[in-house]
Amino acid sequence: MTIHSFNPPPRTLMGPGPADVHPRVLAALARPTIGHLDPAFVAMMDELKTLLRATFRTQNALTMPVSAPGSAGMEMCFLNLVEPGDEVVVCVNGVFGGRMRENVERAGGKPIVVQGTWGRAVDPDQVESALGQHPRARILAFVHAETSTGASSDAKALAAIARRHDCLTIVDTVTSLGGSPVEVDAWGLDAVYSGSQKCLSCTPGLAPVTFSERALEKVRARTTKVRSWFLDLNLVMGYWSGEQKRTYHHTAPVNALYALHESLVMLAEEGLEQTWKRHRHHHLALRAGLEALGLELIVPEAERLAQLNSVSVPTGIDEAVLRARLLQRYNLEIGAGLGDLAGKIWRIGLMGYSSRPANILLCLGAFATELEAMGHHGDAGAALAAARAVLDQGFDAP
Ligand SMILES: *Cc1c(COP(=O)(O)O)cnc(C)c1O
């Protein structure tokens, strides 16, 4: 058998990530590879840090992309901030909160779990009482945008509670960054990580991170070595922040960083606040269409993410069959439920470049047509008209 070049099918990505990547970002990837210590590349990296600071809304000096996916950003935060024996209050309201708990354990810390409800925001009162009961805890960890359920938590309120209890925060913004407001400095977040392939709509494989001075003080005060060589901030800092004396740590993923640079330039061109509005507006259009089909979102309205919509599977419908048909007939990818929600929901992502009118109308038309074929009532015309009516209102409508 001869193996030929791989040419992926032309998919539309409306799952939980990766999102569609804009042609400008793909074109940036194909530019010539240069040395990662080349002065031209180093200048590009400095721009990248500036662009990331603007996206995270922070002045933090230590703001950079980790050369690995979002999960590595998570590990970097936990491995550096948590020392063996540290008590860490971890909020678990979905899959990614569960991974945070696992990270605390692997870093040698003691997780104190605030068990939340899947599909709901983290409850600030529960966090307040957990911190009150565990005065030795010095860190609060939570997921801002739970991609496994579509719930958005109040990062500002949770960070304020942490501060009152003299705790640092570790915050997962993988799905929120670039899709809904993330205000690292204004909210006082300390160790924050994200991912390139969700609302930043870059290719997968990079994890933007930012650390406050308070977080770095805790890292510097460690009495034990960080249990990872690759993710040890002390070593990575020499590479990313040593202005004159940039030393070799690892070979940066040169072309992937061109792509992230391009995606952040595009985000800045659109305007961050405008991007947030676009995500919100398109969510409302999708919601209107889904409601016209009699479908329900599982997250209460006030806690819903615009960029990840969890839809209840109607009784009698095999959710996997519908997803397979969308992929085969429409080249459209949506997500399945995870964990407690497996088989019960579909997850429709409207992230970054995927959040655009053509995708919404494709998705609603495909859903209506296939649901109807499976015996559920599905009026495609009504769904498209409902979405269209919202889209026609424009962004600044109340
Ligand atoms: C996708 C995701 C991650 C993990 O990112 P990877 O790039 O897949 O490693 C972590 N947290 C949340 C909330 C996510 O959505």
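The structure this text deals with has already been given above.
Residues numbered from 1 in each chain as written. Predicted model: local features only at pLDDT ≥ 70, side-chain atom pairs only at ≥ 80, totals over all residues. Heavy atoms only, no water.

Some remarks on the sheet that holds strand β2 (residues 62-66)
Reading across the sheet, the 7 strands line up as β2-β10-β9-β8-β5-β3-β4 and stay open at both edges, with mixed pairing between neighbours. Because the sheet does not close on itself, it has two edges, and the strands there are β2 and β4 (110-115). On average, each strand axis in the sheet is tilted by 15° relative to the strand beside it, whichever way the strands run. Note that strand β3 (residues 87-92) and strand β5 (residues 139-143) share 3 bridges and pair parallel. Directly across from Val89, in β5, lies its bridge partner Leu140. Strand contacts of helix α2 (residues 39-56): β2, β9 (191-193) and β10 (207-211), with the helix running at about 105° to β2, the strand carrying the most contacts. (Pairing = 2+ DSSP bridges. Helix = DSSP H or I, 4+ residues; strand = E, 2+ residues; numbered from the N terminus. Axes fitted to C-alpha atoms, helices over the stretch in contact; angles between N-to-C directions. Contact = heavy atoms within 4.5 Å.)

Considering the environment of Glu146
As for its placement among the helices and strands, Glu146 is situated in strand β6 (residues 145-146). When the C-alpha positions of Glu146 and Ser312 are compared, they lie 17 Å apart, and in sequence the two are 166 residues distant. Residues contacting Glu146, with those up to four places away along its chain left out, are Asn93, Gly94, Val95, Phe96, Gly97, Ala151 and Leu305. Within the structure, the side chain of Glu146 is placed 3.0 Å from the backbone nitrogen of Gly97, a separation counted as a polar contact. (Polar contact = N/O pair within 3.5 Å; in protein donor to acceptor, adjacent residues only side chain to side chain.)

Description of the environment of Ala386
Turning to its location among the elements, Ala386 is positioned in helix α14 (residues 380-392). Since its relative accessible area comes to 22%, Ala386 is described here as partly exposed. Between the alpha carbons of Ala386 and Glu273 there is a distance of 25 Å; along the sequence they are 113 residues apart. Leave out the neighbours within four places in its chain, and Ala386 touches Ala288, Gly289 and Ala292. (Buried < 20%, exposed > 50% of the residue type's maximum accessible area, 1.4 Å probe, protein only.)

With respect to helix α5 (residues 124-133)
Those residues of α5 that sit buried are Val127, Ala130 and Leu131. Viewed end-on, α5 has its buried residues packed into an arc of 95°, placing them on one side of the element. Set apart from the buried face of α5 by more than 90 degrees, the exposed residues are Asp125 and Gln133. Where the residues of α5 are buried, they touch β3, β4, β5 and α6 (155-164). The backbone nitrogen of Asp125 has a side-chain oxygen 3.0 Å away, supplied by the residue at the start of α5, namely Asp123. (Arc of directions from axis to C-beta.)

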